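A look at the structure
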Amino acid sequence: MTFMEVNNLKKVYTPRLGSKGTEALSSVNFSVDKGEFVAIMGESGSGKTTLLNILSTLDNPTEGEVYLDGTPLSEIKDKSISRFRREQLGFVFQDFNLLDNFTIKDNILLPLVLARTSVDNMEKRIQPLAENLGIGALLDQYPYEVSGGQKQRAAVARALITEPKIVLADEPTGALDSKSSQSLLELFESIHQEGQTILMVTHSAQAASYSSRVLFIRDGRVYHEIYRGGQSNEKYTEKITQALLVSSSRGEYNED
Amino acid sequence: MKISFISKMAWQNIKSNRKLYIPYMVAAGTTVAMFIMMSALLTNKFVQERSAVLTSLFGMGTIVIGIFSLIFIFYTNSFLMKRRKKELGLYSILGLEKKHVNTILGMETVIAGSISIISGIIVGILFGKMSFLILNYVLNFPVEIEYSIGWNTFGLTIALFIGIFFLTMLFNITQVTFSNPIRLLKGGKEGEKEPKSSPILFVLGLLSLGAGYYISLTIADSMSALTQFFVAVLLVIIGTYLLFTAGSIIVLKLLKKNKKLYYKPGPFISISGMLYRMKQHAVGLANISILSVMVIIAVSTTITLFLGTEETLSIRFPAENKLTMSPPDMSGEELEQNAEVLYDRVEQYTEEQNLQIKDGVKYQSVNLFGNLKENVFNIREIRDADGTMLLLFPLEDFNQMSAEEYNLKEGEALIYSNESSLNLDSFTIAEKEYNAISLKEVPKMIKANTQIVDTIIAVLPTTQDIDEVLSYNNEQPGNTKTQWQAEYHWNTTGSEAVKKDYATEINGITQADDLEVSGFYESRETSRQEWYSMNGGFLFLGIFLGGLFTIGALLITYFKQVSEGYDDRERIQIMQKVGLDKQTTRQATHSQIVWMFTLPILTAAIHTAFAYPIIHKLLMIFGIMQHKLLILCTVGVVVAFALIYWIIYRITSKVYLSIVE
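Residues numbered from 1 in each chain as written. Chains lettered and ligands numbered in written order. Predicted model: local features only at pLDDT ≥ 70, side-chain atom pairs only at ≥ 80, totals over all residues.

Here's the deal with the overall build of chain B
- Of the regular secondary structure elements, chain B holds 20 helices and ten strands.
- Per-residue burial for chain B yields a buried fraction of 41% across its 661 residues. (Helix = DSSP H or I, 4+ residues; strand = E, 2+ residues; numbered from the N terminus. Buried ≥ 20, exposed ≤ 12 C-beta atoms within 10 Å, placed from the backbone.)

Considering the overall build of chain A
- Scanning chain A for helices and strands turns up eight helices and ten strands.
- Computed over C-alpha atoms, the radius of gyration of chain A comes to 19 Å, within 12% of the 18 Å expected from 2.2 N^0.38 for 256 residues, which places it in the range of a compact globule.
- Taken across its 256 residues, chain A has 42% of its residues classed as buried.
- At a minimum sequence separation of 6, the contacts of chain A that also span at least 24 residues come to 72%. (Rg over C-alpha atoms; globule rule 2.2 N^0.38 Å. Contact = placed C-beta atoms within 7 Å.)

Let's talk about helix α11 (residues 265-307) of chain B
Residues and elements named next belong to chain B.
- Taking 1.5 Å per residue, 43 residues should reach 63 Å; α11 reaches only 51 Å between its end C-alpha atoms and comes up short.
- Approximately 75 degrees is the largest bend angle found in α11, and it occurs at M278.
- Counting buried residues along α11, 37 of its 43 residues qualify, which places the element largely inside the surrounding structure. (Expected span 1.5 Å × (residues − 1). Bend = angle between axes of the 7 residues up to and from the residue.)

Topic: the sheet that holds strand β6 (residues 89-92) of chain A
All names here are of chain A.
- Strand order in the open sheet made by the six strands is β6-β7-β8-β3-β9-β10, with mixed pairing throughout. The open sheet is flanked by β6 and β10 (221-227), the only strands paired with a single partner. Between one strand axis and the next, the sheet turns by 20 degrees as a mean value, whatever way the strands run.
- One ladder, built from six bridges, connects strand β9 (residues 213-218) with β10; its direction is antiparallel. In the strand pairing of β10, V214 is matched with I226. (Pairing = 2+ DSSP bridges. Axes fitted to C-alpha atoms, helices over the stretch in contact; angles between N-to-C directions.)

Structural notes on the interface of chain A and chain B
- Opposite the 23 residues of chain A that make contact, chain B presents 22 residues.
- Counting residues per element, the ones that place at least two in the side of chain A that touches chain B are α2 (78-88), α3 (104-114) and α4 (119-132) of chain A.

Quick word on the domain arrangement of chain B
Residue and element names in this part refer to chain B.
- As assigned here, chain B comprises domain 1 (1-189), domain 2 (261-316 + 524-661) and domain 3 (328-516).
- Taken over C-alpha atoms, the centre of domain 2 sits 47 Å from the centre of domain 3.
- Listed as interface residues are six residues of domain 2 and, on the opposing side, six residues of domain 3. (Domains from an automatic or database assignment.)

Description of the sheet that holds strand β2 (residues 22-33) of chain A
Residues and elements named next belong to chain A.
- Sheet architecture is open: four strands sit in the order β2-β1-β4-β5, paired in antiparallel fashion. With partners counted over all chains shown, the strands left at the sheet margins are β2 and β5 (71-72), one partner each.
- Here strand β1 (residues 2-13) runs beside strand β4 (residues 63-68); their pairing, made up of five bridges, is antiparallel. Residue pairing for β4: N7 is matched across the bridge by E65.
- Lying over the sheet, helix α1 (residues 48-55) contacts β1, β2 and β4, oriented at roughly 60 degrees with respect to β2.

Comments concerning the pairing of strand β8 (residues 197-202) of chain A
Residues and elements named next belong to chain A.
- Buried residues dominate β8, accounting for six of its six residues.
- Covered by surrounding structure in β8 are T197, L199 and V201 together with I198, M200 and T202, the residues of both alternating faces.
- Where the polypeptide runs from strand β7 (residues 166-170) across helix α6 (residues 178-193) and back to β8, its parallel neighbour, the crossover connection is right-handed. (Right-handed = clockwise from strand over helix to strand, strands pointing away.)

Description of the packing of α11 of chain B against helix α19 (residues 582-620) of chain B
- The geometry of α11 of chain B relative to α19 of chain B is characterised by a closest axis approach of 7 Å and an angle of 30 degrees between their N-to-C directions. α11 of chain B and α19 of chain B meet at a crossing whose hand is right-handed. (Left-handed = near helix turned anticlockwise from the far one by under 90°.)

Structural notes on unusual backbone geometry
- Unlike most non-glycine residues, N97 of chain A shows phi in positive territory, near 50 degrees.
- In this fold, N97 of chain A is placed in the loop between β6 and α3.
- In the Ramachandran plot, A430 of chain B falls in the positive-phi region, its phi being about 50 degrees despite a non-glycine side chain.
- Turning to its location among the elements, A430 of chain B is positioned in the loop between β6 (426-429) and β7 (432-438).

As for the nonpolar core
- One finds I40, A157, L168 and L199 of chain A together with I296 of chain B to be the most contacted residues of the largest nonpolar core, which totals 179 residues.
- Sorting elements by how many residues they give to this core places α11 of chain B first, with 23 residues.
- Residue contributions to this core reach at least three from each of two domains, namely domain 1 (1-189) and domain 2 (261-316 + 524-661) of chain B.
- Apart from residues no more than four positions distant in its own chain, I296 of chain B is found in contact with A604, T608, V637, V638 and F641 of chain B.
- With 46 residues, the next largest nonpolar core counts M401, I429, Y434 and I506 of chain B among its residues. (Core = buried A, V, L, I, M, F, W, Y, C linked by C-beta atoms within 7 Å.)

Quick word on the confidence of the model for chain B
Residues and elements named next belong to chain B.
- Mean pLDDT over chain B works out to 84, with 95% of the residues at or above the 70 mark.
- Taken element by element, the predicted model of chain B shows its lowest mean pLDDT in helix α7 (residues 181-186) (66) and its highest in helix α8 (residues 199-217) (93).
- Interface confidence for the predicted complex, given as ipTM, is 0.80, next to a pTM of 0.75. (pLDDT = per-residue confidence, 0-100.)

Here's the deal with the confidence of the model for chain A
- Here chain A shows a mean pLDDT of 85. Residues at 70 or above account for 94%.
- Of the regions scoring below 50 in pLDDT, residues 251-256 of chain A engages in zero contacts with residues more than four places distant in sequence or in other chains.

Focus on the environment of N375 of chain B
Residues and elements named next belong to chain B.
- Position of N375 relative to the elements: it lies in the loop between β2 (357-373) and β3 (376-379).
- Distance from N375 to L201, taken between C-alpha atoms, is 46 Å for residues 174 residues apart in sequence.
- The contact partners of N375, leaving out residues within four places of it in the chain, are L424, S426, F427 and T428.

Regarding the environment of T598 of chain B
- Inspection of the secondary structure assignment puts T598 of chain B in helix α19.
- When the C-alpha positions of T598 of chain B and A642 of chain B are compared, they lie 9.2 Å apart, and in sequence the two are 44 residues distant.

Describing the environment of Y502 of chain B
Residue and element names in this part refer to chain B.
- Tracing the chain through its elements places Y502 in helix α17 (residues 496-510).
- In this structure Y502 comes out as buried when scored by C-beta crowding, with 20 C-beta atoms within 10 Å.
- Expressed as a C-alpha distance, the spacing of Y502 and T350, which sit 152 residues apart in the sequence, is 8.2 Å.
- Those residues in contact with Y502, other than ones at most four positions away along the chain, are Q353, L355, T492 and G494.

Quick look at the structure:
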């Protein structure tokens, strides 16, 4: 069942009137099924971040449309866009984006507070979630008092607490050491198994290998796709690495 | 490195950071200008010629502005440094040694400091001159007040600000020396700890503020008001700083504990935001509060003085003409005879001019100082704040003055005290005991004299009784000699012009060479001009100071908003990413702004309310007795200042919102 559909997405940045713009996305097409864990890979400048910004309604496409659960994103009015983001999407950022003036608990509760949820309801939701993510003991601490991995877990908790339709993760392991990265990815895997749809942008083949499908993006378009299917972890990782290698060599051919 | 290279580099840095440096130099320059304008008043002729109180008052003002300059320049400097940390970190990574970075930074401070000091002095002189010119013109005083700046004012200003800039330089250098490049690169992004609440400081603040308020509320009379005013001000200032720094955190933490209240979008964002930044901004808020109180008090008291000049005159001069005599070493009888001679001449002259004397009152009295212990009045030589004044009248004079018919037997006395609780059944003066008959009311013309200090009025049966007291006092070794005083108050018929000439003539008559005892004559009309010019001068200074302090408050508010804007910007952006909408952003920032606006102005209003008794007592020295005028002026000034502050806040919060959004 198609859950998110991206149709002919195009984004051109025009710095000034009249001057020729930079094309960040030329034509992106793909879809995500409910409960899928999709990784998007690509080099710097390939348009990953632009794509993610459009998917998360932080930016508007020049052409094309994104449908989430049948709703076209362009039809959401400016007024309700924050609400949409709060209720339908969960975000995990590379640099955590936790607020230092809130405790871990308040950081996680932020989207619920913004949605005017009752205190009882909030308390009910946070406890099991925090236990599940292994940060139950850290709730009263401040972000600057805990490690990077713990911060990212808190950020994941903040993304999940609204029970969003889709979690959008932007290089979630980018600022973590390998051990924390691995444990975070295992966490993603386990929430995926519980039925959560996840879209993750990443550089790392290792991170991508936890997904159920990898999309490769370059020069503003999706040019390759690998399904995990029933493959073992090693095989899947190897395929991803190979695809990356091919992509860079093909890039050379193209320049000739 | 060569000096030329360093200065080139420093200048380049200032130019490329002009967005930060220009506001910094404007702020520092304005503080310099404020300081030089304030300190110039210390050596101002008008100020020095009036009274020592005024000089010490302005001395205190100068000290306050000096401290304010130090705090404020440090505040803006740390704001500047915080934004530049990244750049400095980059230098270290690119291979500049710390000492090189330090020399460049030092050079930057030297350049920025000199520009600020020089431009500040120029602006201070120009602005000072200009505002004096404008105020002189607008208020239209009979006597112009000159603005002058002496060399010592320059010296003081330059020395102080070189000192302040040197301290900021040291601060910046230690910042660079004791940090590593990676941390500098991350800049202000490091997490700041949530401030700890310290109940001890809070209690100390409460005590200090309470003590200050207590002094004001329980002040007995004008003399003690004069001596204790500075103590009270100091206590209130300390209390304000402590309460703002410690109290605000305690209150915010309590609010945070109330979950139902805290976990709502508006309070959630604003309470946590305020708590987070309170440590830095409590001082700013306290500064604004104190400057606001100063504006309010300076302007309202001087307006009251100016508008109350007529009242002052009517107290000083119960009638249009006033003639006093107080020759040394003379008995009551002798003075009476001598006074009659002079009075006759005055009356004769009046008759010659075809004028009539109306409401004439003549009396003699003796004025002593001491203290009352149980029923015994001990005369003392030193006049200090906790003593009591004793006014002695012979019965005959008192009856004439009050138009009453009191009768006293030998050994009886009428006793009036301005402390209504005092109820004596006997009264002992100069080792003689009188049966006290309590007096409920005294004539208005002498009641005015009883307001400044604790006063007892004693009416004794005969002039001889008072002579005895006098000689008893004058025989005591170490006591100041005291004498009788005769007073004559009267009005005349005739036009204004006639009265003016009459006053000049009478002045000559009372000073005539052939008089054994000459008199001292004053006319209300001639004094009027003098009083108006003096009170006008005070009004002038009040408005000038008010303007100065308002500029101070404006500067702090502006910088607070800008720095808070930059601090909050990132937080708001993150929250918007996770679903904070524009409307809630506005609501939250709005409530934050409203609090930051109301807190200082509310504090200022409360301080002013508590300061009211002591200020009223101080104004009594100038003859302002009525409450109505002072209350009206104070309320008016508070409202007007709140309005001005509100405008300032509207403008600066726009700046804030534009940064945040």
